[in-house]
Structures are given as C-alpha cells and as structure tokens.
Amino acid sequence: MTKNSDKIAIVNLNSLEINKIYNEDCLETMKKMPDDFVDMVLTSPPFNISTANNESDHFKLNREKKYKQTGKYFYFSKYGGFFNETYSENEYLEFQTKVINELLRTSKIIFYEIQLMKDNRSAIYNIIYKFRDYLKEIISISKSGATVPMSSKGILARESKLLLVFDKYNSKSMQYKIHNFNHFTNHWNIEANRRKHFNYSKEITKIHNATFSEKFASIVIENFSNKNALIYDCFSGTGTTSVAAKRLKRNFIGSEIVKEFYDISNKRINNLQGLLI
C-alpha cells in the first residue's frame with residue numbers, strides 16, 4: 001500500500017497537491033493521478049440533463065431573466081439555481097461513464113450518491129447495468145424531518161436517495177475491507193437540516209440547495225476509511241466532502257468546475273485551518 005508521504009511525492013511530480021480543491025473538470029484532475037491513488041471517493045453527480053422541453057413556466061421566466069442579465073441560457077439543475085451546461089440523456093450517460101471509469105482507475109472504493117428523477121432515471125439505470133460487475137451495494141438514504149415533495153396523482157413522491165457503492169477489487173463480497181463499525185444497515189436515516197450541522201450557512205444553501213450534509217459525509221468517511229486516508233470528490237460543489245474529511249483527520253482532493261462553488265469551498269476550508277492533518 002502506498003504510504004501517505006509517497007502519495008504526496010507522486011502528486012507533486014504530477015503538479016497535483018493534496019488537501020486542495022481544483023477549479024477544473026474532474027477528468028483533468030484525474031489525469032494527474034496514478035492508478036489506485038485515492039483511498040475512497042465520495043461524490044454526488046450533477047443532474048444537468050436538459051429539461052427545457054418540459055420545464056415549468058416559473059423556470060422559463062427565470063431562465064429568460066437570467067439570459068437578459070448574462071447573455072447566456074441557464075437551465076435549472078441539481079445546483080438549485082441555473083447552470084449553463086446541459087446534456088442530453090446520451091451525453092449525460094457518456095460523461096458519467098467516462099467519470100466512473102476514471103474513478104475506478106484511480107480509486108479503490110467509490111460512494112456515488114444519486115437521486116432518481118424524471119429526467120435522469122434512464123441514464124442512472126444504464127450506469128447501474130454498465131458497471132454491475134463493480135457494484136458492491138446500493139444503500140438507501142432517507143432524511144428525517146425533510147419535507148416530502150408534492151407529486152401528481154398516481155406518482156410516488158421521491159423521499160429517498162441512493163448511494164451506489166463501487167468496489168474495484170472486492171465487489172462480490174458483502175464485507176468491506178475497511179470498516180470502522182460493528183453493526184450497520186443498508187438503510188440510513190439522516191437528519192435533513194443541513195444548516196444545523198457544523199458550518200453550513202444560508203450563503204451555501206441559497207446557491208446550491210442540493211448539497212448533502214456534513215453529517216452524511218462524515219458517516220461515510222468515518223465508517224469506511226481510516227485516518228490519513230485520501231478522500232476524493234470529483235463533483236466537489238461547496239466542499240462538503242473535503243470539509244468533513246479535514247475534520248476527521250483525512251486528506252482530501254476535490255474538483256469543482258463552477259467558480260462560485262469553488263470559492264465558497266476554499267472559504268469553508270480556510271475556516272478550519274486550526275484543524276491540522
């Protein structure tokens with residue numbers, strides 16, 4: 001197993017620093033990583049599949065308003081605001097396939113949080129089938145205290161998310177190679193109030209309302225990795241995975257392409273400088 005000091009030497013040779021979030025496409029970050037470099041991945045992919053043909057009047061009006069302000073069309077996405085890069089279903093599947101292939105090359109185990117929605121279901125089902133040989137577990141996550149979204153008659157409201165666990169070397173075994181628990185189930189109930197935990201603020205939830213809480217990130221990191229492990233989040237968002245890793249004495253790397261989220265991530269991490277790894 002590669003020691004942490006060896007990892008730092010390797011990434012320095014490839015112009016990649018540990019304990020840093022990169023404002024770039026995650027595929028660019030992973031190009032700099034050797035095989036099996038990351039101990040664990042915890043991430044949640046964006047939901048930026050185009051819904052322009054069936055979006056509500058509310059979002060159509062807001063999208064047009066944003067276009068007048070910026071000269072660009074933005075679409076409603078996972079980020080809870082407007083996102084100027086949307087994919088068709090096939091494009092989304094192709095991109096996520098590239099990402100997961102690279103994650104499997106660079107890391108040992110992947111925790112991939114997703115929510116099935118009207119526009120991404122087919123792509124997610126394809127991902128599950130395509131990577132079935134690496135799929136170790138599907139953990140269901142419900143949020144206590146969450147407001148259940150309204151749904152049309154005959155449609156089940158989406159109250160839970162799924163955590164896909166990909167294990168490159170040991171997917172057929174039900175046992176986790178690294179486990180810091182005696183008894184755990186494959187259904188987790190996690191409090192929904194993100195602002196209650198640690199340093200979540202209105203600034204964060206206002207621009208990115210689909211983040212997972214630090215409590216959730218901490219549960220995954222603490223139970224499935226050891227201290228000084230290297231944790232990677234390829235869709236870092238506002239840096240929740242990295243903040244939780246730092247609190248728990250792990251190392252981290254993140255990739256985030258949206259500059260606004262990248263800036264907030266660094267602000268959050270800088271607020272933790274007293275917690276040395």
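Residues numbered from 1 in each chain as written. Predicted model: local features only at pLDDT ≥ 70, side-chain atom pairs only at ≥ 80, totals over all residues. Heavy atoms only, no water.

Caption draft 1: Here's a closer look at the overall build of the protein. Each helix and strand in the protein was counted, giving 9 helices and 10 strands. Across the 277 residues in the protein, those meeting the buried criterion constitute 47%. Across the protein, the fraction of contacts at a sequence separation of at least 24, relative to all contacts at a separation of at least 6, is 74%. Carbon together with sulfur atoms contributes 50% to the accessible area of the protein, which is approximately 14400 Å² in total. (Helix = DSSP H or I, 4+ residues; strand = E, 2+ residues; numbered from the N terminus. Buried < 20%, exposed > 50% of the residue type's maximum accessible area, 1.4 Å probe, protein only. Contact = heavy atoms within 4.5 Å. Areas by Shrake-Rupley, 256 points an atom, 1.4 Å probe, with all protein chains shown as cover.)

Caption draft 2: Examining the nonpolar core more closely. One finds Val99, Tyr232 and Ile253 to be the most contacted residues of the largest nonpolar core, which totals 34 residues. Here this core gets 7 residues from one element, more than from any other, and that element is helix 4 (residues 89-106). One finds Val220, Val243, Tyr262 and Ile269 within the second-largest nonpolar core, a separate group that totals 28 residues. (Core = buried A, V, L, I, M, F, W, Y, C linked by side-chain atoms within 4.5 Å.)

Caption draft 3: View of unusual backbone geometry. With phi around 60 degrees, Asn19 is a residue other than glycine that occupies positive phi space. By secondary structure assignment, the location of Asn19 is in the loop between helix 1 (4-13) and strand 1 (20-22). Looking at Asn19, the relative accessible area reads 33%, which means it is partly exposed. Within the chain, Asp36 stands out as a residue other than glycine whose phi angle is a positive 55 degrees. Following the sequence through the fold, Asp36 ends up in the loop between helix 2 (26-31) and strand 2 (40-43). Its relative accessible area of 23% is what places Asp36 among the partly exposed residues.

Caption draft 4: Inspection of the packing of helix 7 (residues 214-224) against helix 8 (residues 240-247) at higher detail. It is at 9 Å that the axes of helix 7 and helix 8 come closest, and there the two elements cross at 55 degrees. Taken as axis vectors, helix 7 and helix 8 run oblique relative to one another. At the point where helix 7 passes helix 8, the crossing takes the right-handed sense. For the pair helix 7 and helix 8, the contacting residues are Glu214, Ala217, Ser218 and Ile221 in the first and Thr240, Thr241, Val243, Ala244, Ala245 and Arg247 in the second. (Axes fitted to C-alpha atoms, helices over the stretch in contact; angles between N-to-C directions. Parallel < 35°, antiparallel > 145°, perpendicular 65-115°, else oblique. Left-handed = near helix turned anticlockwise from the far one by under 90°.)

Caption draft 5: Looking closely at the environment of Tyr176. As for its position among the elements, Tyr176 is in the loop between strand 7 (160-167) and strand 8 (187-191). A residue is classified by how much of its surface remains accessible, and Tyr176, at 7% relative accessible area, is buried. C-alpha separation for the pair Tyr176 and Phe224, spaced 48 residues apart in sequence, amounts to 7.7 Å. A polar side-chain atom of Tyr176 sits 3.0 Å from a polar atom in the side chain of Glu137. (Polar contact = N/O pair within 3.5 Å; in protein donor to acceptor, adjacent residues only side chain to side chain.)

Caption draft 6: Expanded view of the pairing of strand 10 (residues 251-255). The buried fraction of strand 10 amounts to 5 of the 5 residues, a majority that puts the element mostly inside the structure. Burial along strand 10 is two-sided: Asn251, Ile253 and Ser255 and Phe252 and Gly254, pointing in opposite directions, are all buried. Relative to strand 10, strand 1 runs parallel, the two being bridged by 3 bridges. Note on strand 10: the bridge partner recorded for Ile21 is Gly254. Here 4 bridges tie strand 9 (residues 230-233) to strand 10, and the two strands are oriented parallel to one another. (Pairing = 2+ DSSP bridges.)

Caption draft 7: Helix 5 (residues 121-130), seen in detail. Among the residues of helix 5, Ala123, Ile124 and Ile127 are the ones counted as buried. The buried residues of helix 5 occupy an angular sector of 100 degrees when projected down its axis, which confines them to one face. Structurally, helix 5 contributes buried residues whose contacts are with helix 4 and strand 5 (109-114). (Arc of directions from axis to C-beta.)

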